[in-house]
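Coordinate analysis (summary)
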Amino acid sequence: MALLVEGKSGFVTGSAGGIGRGIARELAREGAQVVVSDLPSAAAGGQETVEAIRAGGGRAEWVPADVTSSDEVAALVQRTVEIFGALDFAVNNAGIAIHKPLAEVSPEEFDQVIGINLKGVFLGLKHAIPQMLTAGAGSIVNVASVAGLTGVDLISPYTASKHGIVGLTKNAALEYSGRGVRINAVAPNAIRTPLMDASPKDFVDGLIAPQAMKRVGEPEEVGFAVAALLSDRAGFITGVTLPVDGGYLTGA
Ligand code: NAI
């Protein structure tokens, strides 16, 4: 059987490390040509992702972009088309979290989380969709979180942003799926990243305690879900948010 995204081209934001790198690597393994994108300050990590993909025989290029900048996201779309000849997929993954009780969150911190997580996804959709409509087809996956589907202690701006991503995903799907562009989201729970590896065991145990499966997930396991949703074989799936959470939401 053909690979999930054989011959397709697109970008993954926030792919200088963590889950984004796992998604980029899995998409390349499944046959895609991947533009690895992240902040300019994350260029070293971005190049590492590119090299890892090339070492596995895949095709990848580094294009920096700040997802809070409309101009930079528009340029990311154009560069992807210039480099690989098409924008078949887009993965809006970049995101941050601030951990504190709601009343202690400053207005500036709230704006920062919403600006990167929610407006960043909006800009990814806004600039990728017209390109895909022109080409007649495309598929987009937004990286939400279980915090997009239920409340999670101490991350209220993040929870608000991720619920917003779930809503944007539904609306975009409603408006564009009839014209060839499918839009879905994934909702991970605890996934192994450098930050997670450096976290105290108690903290990690607290994250995985509500899961049916008592382990952290791997970035490539999120990548598989993204590749599956991007695949043409998922052609009747749009507007959904797929948990990749080891069963976290089954008991939430
Ligand atoms: P990470 O911090 O390792 O990766 C996030 C990436 O986004 C970084 O490389 C960072 O440089 C980039 N980024 C930050 N601001 C940016 C901007 N303005 N423009 C472009 N790139 C920017 O974090 P992780 O864990 O890999 O997170 C990736 C996504 O997965 C995020 O959306 C996060 O909310 C989501 N997620 C993560 C979970 C986990 O357990 N690690 C669980 C659920 C969701």
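Refer to the structure above for everything that follows.
All of the points below concern the structure found in this document. The model shown is predicted, which means the values in this text are computed figures rather than measured ones. (Residues numbered from 1 in each chain as written. Predicted model: local features only at pLDDT ≥ 70, side-chain atom pairs only at ≥ 80, totals over all residues. Heavy atoms only, no water.)

1. Remarks on the pattern of salt bridges
Per the stated rule, a full pass over the model turns up eleven salt bridges. Here Glu218 makes a salt bridge to Arg192, at a shortest N to O gap of 3.0 Å. With Glu218 in the loop between helix 7 (201-208) and helix 8 (219-230) and Arg192 in the loop between strand 6 (181-188) and helix 6 (194-197), the pair connects residues that are 26 residues apart, well separated along the chain. A residue is classified by how much of its surface remains accessible, and Glu218, at 27% relative accessible area, is partly exposed. Here Lys201 makes a salt bridge to Asp205, at a shortest N to O gap of 2.7 Å. A residue pair is termed a helical-turn pair when its members lie 3 or 4 positions apart in one helix, as Lys201 and Asp205 do in helix 7 at four residues. Look at Lys201 and you get exposed, because its relative accessible area is 61%. The partly exposed category is assigned to Asp205, whose relative accessible area is 31%. Several salt bridges share partner residues, and in doing so they unite Glu51, Arg54 and Glu61 into one network. (Salt bridge = Lys/Arg side-chain N within 4 Å of Asp/Glu carboxyl O. Helix = DSSP H or I, 4+ residues; strand = E, 2+ residues; numbered from the N terminus. Buried < 20%, exposed > 50% of the residue type's maximum accessible area, 1.4 Å probe, protein only.)

2. Notes on the sheet that holds strand 4 (residues 89-92)
Within the open sheet, the seven strands sit side by side as 3-2-1-4-5-6-7. Their pairing is parallel. The sheet is open, and its two borders are formed by strand 3 (59-62) and strand 7 (241-244), each paired with just one other strand. The mean inter-strand angle of the sheet, taken between neighbouring strand axes irrespective of direction, is 20°. By the bridge criterion, four bridges tie strand 2 (residues 33-36) to strand 3 in an arrangement that is parallel. The partner of Gln33 across the bridge, within strand 3, is Arg59. (Pairing = 2+ DSSP bridges. Axes fitted to C-alpha atoms, helices over the stretch in contact; angles between N-to-C directions.)

3. So, the site of the ligand
Lining the immediate surroundings of the ligand are 25 residues, of which Ile19, Asp38, Asn93, Tyr158 and Lys162 lie closest. Taking Tyr158, its side chain carries an N or O atom lying 2.5 Å from an oxygen atom of the ligand. Take Ile191: an N or O atom from its main chain is 2.9 Å from an oxygen atom of the ligand. Those elements that place two or more of their residues in the shell around the ligand are helix 1 (18-29) and helix 5 (156-176). Its residues assigned to classes, the shell around the ligand shows 14 nonpolar, eight polar and three charged. (Near = heavy atom within 4 Å. Polar contact = N/O pair within 3.5 Å; in protein donor to acceptor, adjacent residues only side chain to side chain. Nonpolar A, V, L, I, M, F, W, Y, C, P; charged D, E, K, R; others polar.)

4. Quick look at helix 8
In this model, helix 8 (twelve residues) spans 16 Å end to end at C-alpha, consistent with the 16 Å of a helix rising 1.5 Å per residue. Among the residues of helix 8, Pro219, Val222, Gly223, Ala225, Val226, Ala227, Leu229 and Leu230 are the ones counted as buried. Taken together, the buried residues of helix 8 touch helix 1, strand 4, strand 5 (138-143), strand 6 and strand 7. (Expected span 1.5 Å × (residues − 1). Contact = heavy atoms within 4.5 Å.)

5. Remarks on the nonpolar core
With 28 residues, the main nonpolar core has Ile23, Leu27, Val34, Val91, Val186 and Val226 as its most contacted residues. Top element by residues in this core is helix 8. It accounts for six residues. Residue contacts for Leu27: discarding those within four places in its chain leaves Val5, Val12, Ala32, Val34, Phe89, Val91, Val226, Ala227 and Leu230. In terms of nonpolar packing, the next biggest core, distinct from the first, is built from 24 residues, Leu76, Ala128, Ile140 and Val166 among them. (Core = buried A, V, L, I, M, F, W, Y, C linked by side-chain atoms within 4.5 Å.)

Any link to function would need more than the numbers given here.
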